[in-house]
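Okay, here's what each chain looks like letter by letter:
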Protein chains: 2
Amino acid sequence: MLPNNVLNWGHSKSCIRELAAYGTARKAEIGEDKVFDFSLGNPSVPVPDCVNEAIKDLVNSNVPQIHGYTPAVGLPGLRQAIADDLNRHCSVNISPALIYVCCGAAAGLASAMKALLLPGEEVICFAPFFPEYRVFTEGAGGVLKSVKPDEALQPDLEDFRNVLSEKTKLVVVNTPNNPSGVILTADTLKKMSDILRDAEARYGHSIYLVSDEPYRELVYDGQPVPCIFDFYHNTIMCYSFSKSLSLPGERIGYIAVSSEADEKDDVFACVAGAARAMGYVNAPSLMQRVIERCIGCTVDLSTYRENRELLYNGLKSLGFDCVYPDGAFYLFLKTPEPDAKAFSERAKKYELLLVPSDDFGVGGYVRIAYCVSSEMIRNSMPAFKALAREYGL
Amino acid sequence: MLPNNVLNWGHSKSCIRELAAYGTARKAEIGEDKVFDFSLGNPSVPVPDCVNEAIKDLVNSNVPQIHGYTPAVGLPGLRQAIADDLNRHCSVNISPALIYVCCGAAAGLASAMKALLLPGEEVICFAPFFPEYRVFTEGAGGVLKSVKPDEALQPDLEDFRNVLSEKTKLVVVNTPNNPSGVILTADTLKKMSDILRDAEARYGHSIYLVSDEPYRELVYDGQPVPCIFDFYHNTIMCYSFSKSLSLPGERIGYIAVSSEADEKDDVFACVAGAARAMGYVNAPSLMQRVIERCIGCTVDLSTYRENRELLYNGLKSLGFDCVYPDGAFYLFLKTPEPDAKAFSERAKKYELLLVPSDDFGVGGYVRIAYCVSSEMIRNSMPAFKALAREYGL
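Note that the structure is a prediction, hence the values are computed from the model and not measured. (Residues numbered from 1 in each chain as written. Chains lettered and ligands numbered in written order. Predicted model: local features only at pLDDT ≥ 70, side-chain atom pairs only at ≥ 80, totals over all residues. Heavy atoms only, no water.)

Some words on the overall build of chain A
Here comes step 1: Each helix and strand counted, chain A has 13 helices and 13 strands in total.
Here comes step 2: Based on the C-alpha atoms only, the size of chain A along its principal axes is roughly 60 × 60 × 50 Å.
Here comes step 3: Within chain A, residue pairs in contact and separated by at least 24 positions form 75% of the contacts whose partners lie at least 6 positions apart.
Here comes step 4: Carbon and sulfur atoms make up 50% of the accessible area of chain A, which amounts to about 13,800 Å² in all.
Here comes step 5: Positive and negative charge centroids in chain A, built from 38 and 49 side chains respectively, lie 3 Å apart. (Helix = DSSP H or I, 4+ residues; strand = E, 2+ residues; numbered from the N terminus. Contact = heavy atoms within 4.5 Å. Areas by Shrake-Rupley, 256 points an atom, 1.4 Å probe, with all protein chains shown as cover. Lys, Arg positive; Asp, Glu negative; His and termini not counted. Charge placed at Lys NZ, Arg CZ, Asp CG, Glu CD.)

Pasting the structure below:
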C-alpha cells in the first residue's frame, strides 16, 4: 500500500553515496590517509571569510527577525542583489520580480519540474548528467529522455533533434558539467536554441530550457560561462551558492525566470505554487541575509585549479585518456576497459574510489572529484600508476 | 499548457497572507502603531540566548564542515538528541534510526503525504485546521476530507467515523491547534485511536496518523501535551523548532516514525524517498548543529502567557465569546454575526486585523494571533470595545 516509486527512491542509494559509504568504512578500517576518496562533490575549500563574518555580525547586531519568516519568494534586498549580479553578466534584463530564492539547486530543479510538467510530459537531459535529475523528473510525474554526447562531450545535436517530441516540455542543461567539467560553448548553446525554437514552432507549445548552474564560477582559464538567458527566451535558471561559497549544507540558491519567457508571470507563479505544495516555506532566513552581503564573492579557486593540473597531468603522463575539465571540480577519465563498473572495482584494490559513469547516463568513464586536498592527489599517484600498469598503459 | 493546480497554488494567497499584506500597506499609510495587526503567527519573543551563542561558537571554533553536506536524514548526534528528548516524554521507545531531520513542519508534512499517498487516497483533517494542509494533500495527489468539531472544538468523533472510508490513508492532528489554541485531550486521542484501529481492521490496510506539533511546548497551565506515540501504533510525528525556539525562518524540524508502525522501515524509506524527489538534500547544516546544542531549551513563554490573559480577559469583559486557548499563540473568537468575513471586514474599520475562520474549514470565528507585543494588545482594547458596541455587546 506504499507508493512503489517513492519507496524505491528511499531505498536506492546513488552509486556516489554507496561508494562514499564504502570509503568511510574503509578509512575506519585502514586509516584516513590510506584511502584515496574521490567519490563526493563536497567542497574542500573553506568558505570565504565574508560568510562567517556576516553571520557573526548579523547575530551580534541584533538585526530584528533575522531568524523570522521571510516572504516565500525571498527578502526583497536579496532578490534585487541577485538581479543586479546577473545583470552584470547578461544582456537580457533580469527582473527581481522573477527571482525566487530557494533551498539550493536541487530544490530549484524539483520546483521547476513540478511547476511545468503535466503527467507524462518529457524532460530531455544531455548525457552525462547528474543522476538526481531522473528522480526529480519522475517525482514530478515526468519522463526523462537522454541525449548522447559527441566525442568532446558536447551534446550530439543530431540526437537532440531526434529525441525532441511533442511531449517535450523541459530541457535541462548543466554547465560547467557534473560529472565531466565540460562547459557548453556559445556555439553549442546557439545551435541548441535554434533547434528548440524550431521545435516550439513545430509542436505549437512552449519548451522550457532549465539551466542548472551551481558550478558557474568554478572555471579556471579565465573564460566566462556564457549567460544562458542571452540564447533562448523560455529559460529558467537554477543556481546554488553551494559551490561558489562552499556552503552546500546550508541549502541556498535561486530560480530566475527570463523576462522574455512566454507567460513569464504564470511560469513564476507555478514555481511558487510548486515550492509551496512541496512544503518550502522560505529559504533559510539568516543565510538569505548572509548571501545578500556576500553576493559576488567566491571561494579561493587556486586550490581547485592546482588540483586540476596535478590530476590531469599526472593521469595523462600515466597513459590515461581524460577529458580536460574547463570548470567544476570533476575530471572524467575514459576507462581503459569498456565496463566502467569493473574498472571502478579494480581501482578499489588500490584504495582509489572513482565513480563509474553508468548512473550519469553514459558508459566507459569514471568521475574523479578533485575537491580534495592537493596532498591526497599527490599521494594517490602511485596507486594510479599501479592501476595503469594492470591495463598495460 | 501549465498545470492548473500548480498555477492556482502560486496565484492564490492564503487569507492570512492577504490580510498581512493589507496590514503592511496600512501601517505605511497611517503609522505602525495605529494598526492592530493580529494576522500572522510570526513569533514575537526573541530566540533564547543559547541559539545565538551556539551560532557564534560554532563559527568561531572552526568546526570542520559546519556548512557542508550532512547525511540526508540528518547528523547522527542530532538524531540521537531528538530521540533522547522524545524518550523523556513518551512511553513508546523512539529510535534515532526512525528520525528524519527536515526543513520545518511544512516540509515534514509534505514529505509524509508524498511518502504515503497513492493517487486519490484520502487525508482526513479535523476542522479548524491550517489551510496549507489542503495544498500539501493535493500536491501529493491526495484528496482532503474534513471532520467538523464539537462545541469545545475537539473533533466530533461521530463525524470522524462517518468520514473514514476505505480510501483513507492519512489522518492529521494538530495539537495545540492552529487556529484555536485547543489541546486534544488524552480522552479524545484514546477514542480517536480506537476508531482508527477499527477502521484498519475493517478496511484491511494501515491508516497513518500524522501529528503536526510545532506548538507542543507552547502551553501555559502546566499541563503536558499527551505523547501521540503512546496512543496509536501507525503514527508519524512532524515537529518544528520554529515556535519553541522562535526561528521559523530557519526551517528546521523533524519527522519521527513510531517504532511500532507497520512496515516502519519502509515508511521511513518512503519519507526519505519523498523528500529526495522534492529536492530536499539535507536540513540546513549550521542550524542542525545549533539544535543539537539547544534541544530541550525553549523561548521565554511568559510574554505569550501574559498576552493570552490580557486578550482573553479583555475580550470576555467586552462581551465577546472566546475559546480559552490552552496552548499555541492563537485565540479563536466566536463572531457575533455568522459571517466571519463580514466581521473581519468590519474590524478593519477599527484597524483590527483578524483572520476569518473560513479557510480553516469552519465558519463563524476569527483567529487572533497574540504573538505580538503586550502593549499592542492593551492599545487595541478601545478598538475592540468600539467593535463590540457595533454588535450591541
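Focus on the pairing of strand 4 (residues 143-147) of chain A
Here comes step 1: In terms of strand pairing, strand 3 (residues 122-126) of chain A meets strand 4 of chain A through 5 bridges, oriented parallel. By the bridge assignment for strand 4 of chain A, A:Ile124 is matched with A:Lys145. (Pairing = 2+ DSSP bridges.)

Focus on the sheet that holds strand 8 (residues 253-257) of chain A
Residues and elements named next belong to chain A.
Here comes step 1: Across the sheet, 7 strands lie side by side as 2-8-7-6-5-3-4; this open sheet has mixed pairing. Pairing within the sheet leaves two strands with one partner each, and these edge strands are strand 2 (99-102) and strand 4. In this sheet, neighbouring strand axes are inclined to one another by 20 degrees on average, regardless of whether the strands run parallel or antiparallel.
Here comes step 2: Here helix 4 (residues 76-87) sits on the sheet in contact with strand 2, strand 7 (235-240) and strand 8, set at roughly 115 degrees to strand 2.
Here comes step 3: Lying on the sheet, helix 9 (residues 264-277) is in contact with strand 2, strand 6 (208-212), strand 7 and strand 8; it crosses strand 2 at an angle near 15 degrees. (Axes fitted to C-alpha atoms, helices over the stretch in contact; angles between N-to-C directions.)

Describing the side chain of B:Lys169
All names here are of chain B.
Here comes step 1: Locating Lys169 in the fold gives a position in strand 5 (residues 168-174).
Here comes step 2: The class of Lys169 is buried, set by a relative accessible area of 1%.
Here comes step 3: Looking at Lys169, its side chain comes within polar contact range of the main-chain oxygen of Leu116, at 2.7 Å.
Here comes step 4: One polar contact links Lys169 to Glu121, side chain to side chain, over a distance of 2.7 Å. (Buried < 20%, exposed > 50% of the residue type's maximum accessible area, 1.4 Å probe, protein only. Polar contact = N/O pair within 3.5 Å; in protein donor to acceptor, adjacent residues only side chain to side chain.)

A closer look at unusual backbone geometry
Residues and elements named next belong to chain A.
Here comes step 1: The residue after Thr175, namely Pro176, is reached through a cis peptide bond having omega -5 degrees.
Here comes step 2: As for its placement among the helices and strands, Pro176 is situated in the loop between strand 5 (168-174) and helix 8 (186-203).
Here comes step 3: Phi is positive for Ala328, close to 60 degrees, though the residue is something other than glycine.
Here comes step 4: In this fold, Ala328 is placed in the loop between strand 9 (321-323) and strand 10 (330-334).

Considerations on the interface of chain B and chain A
Here comes step 1: Taken together, the contact pairs 69 residues of chain B with 69 residues of chain A.
Here comes step 2: For the pair chain B and chain A, the summed buried area comes to about 5,700 Å², and 58% of that belongs to carbon and sulfur atoms.
Here comes step 3: Considering only the surface of chain B that becomes buried against chain A, B:His67, B:Tyr69 and B:Arg276 emerge as the three largest contributors, covering 14% of it.
Here comes step 4: One salt bridge in this structure joins B:Glu132 and A:Arg276, with 2.6 Å as the shortest N-O distance.
Here comes step 5: There are 37 residue pairs in polar contact (both at pLDDT 80 or more) connecting chain B and chain A.
Here comes step 6: Looking at the side of chain B that touches chain A element by element, the count peaks at 10 residues for helix 9 (residues 264-277) of chain B.
Here comes step 7: Of the residues belonging to the side of chain B that touches chain A, the class tally is 36 nonpolar, 20 polar and 13 charged. (Buried area = accessible area lost by both parts, 1.4 Å probe. Salt bridge = Lys/Arg side-chain N within 4 Å of Asp/Glu carboxyl O. Nonpolar A, V, L, I, M, F, W, Y, C, P; charged D, E, K, R; others polar.)

Some details on the packing of helix 5 (residues 104-116) of chain A against helix 6 (residues 132-139) of chain A
Residues and elements named next belong to chain A.
Here comes step 1: One can describe the packing of helix 5 onto helix 6 by two numbers: an axis separation of 8 Å at closest approach and a directional angle of 35 degrees. Crossing of helix 5 over helix 6 shows right-handed handedness. Contact with helix 5, carried on its side by Ala106, Leu109, Ala110 and Met113, involves Tyr133, Phe136 and Thr137 of helix 6 and no other residues of that element.
Here comes step 2: When its residues are assigned to classes, the contact of helix 5 with helix 6 shows 6 nonpolar, 1 polar and no charged. (Left-handed = near helix turned anticlockwise from the far one by under 90°.)

Notes on the side chain of A:Ser380
All names here are of chain A.
Here comes step 1: Within the secondary structure layout, Ser380 lies in helix 13 (residues 374-390).
Here comes step 2: In this structure Ser380 comes out as buried when scored by relative accessible area, which is 0%.
Here comes step 3: Among the polar contacts made by the side chain of Ser380, one reaches the main-chain carbonyl oxygen of Ile377 at a distance of 2.7 Å.
Here comes step 4: The contact partners of Ser380, leaving out residues within four places of it in the chain, are Phe36, Phe38 and Leu352.

Some thoughts on the relation of the copies chain B and chain A
Here comes step 1: Overlaying chain B with chain A gives an RMSD of 0.0 Å, the required rotation being 180 degrees about an axis along which the chain moves by 0.0 Å. What the superposition gives is, in effect, a two-fold axis relating one chain to the other. (Least-squares fit on C-alpha atoms with pLDDT ≥ 70 in both.)

Notes on the state of the cysteines
Residue and element names in this part refer to chain A.
Here comes step 1: Per the stated rule, a full pass over the model turns up 2 disulfides over all chains.
Here comes step 2: Two residues, Cys90 and Cys227, share a disulfide whose sulfurs are 2.1 Å apart. Between Cys90 and Cys227, the disulfide has an S-S torsion of 95 degrees and is therefore right-handed. Here Cys90, found in the loop between helix 4 and strand 2, pairs with Cys227, found in the loop between strand 6 and strand 7; they are 137 residues apart in sequence, far enough to count as distant. Cys227 shares its class with Cys90; the two are buried.
Here comes step 3: Cys15 provides the cysteine sulfur closest to Cys371, a residue in no disulfide bond, and the two sulfurs are 15 Å apart.
Here comes step 4: Owing to a relative accessible area of 4%, Cys371 belongs among the buried residues under this scheme. (Disulfide = S-S within 2.5 Å.)

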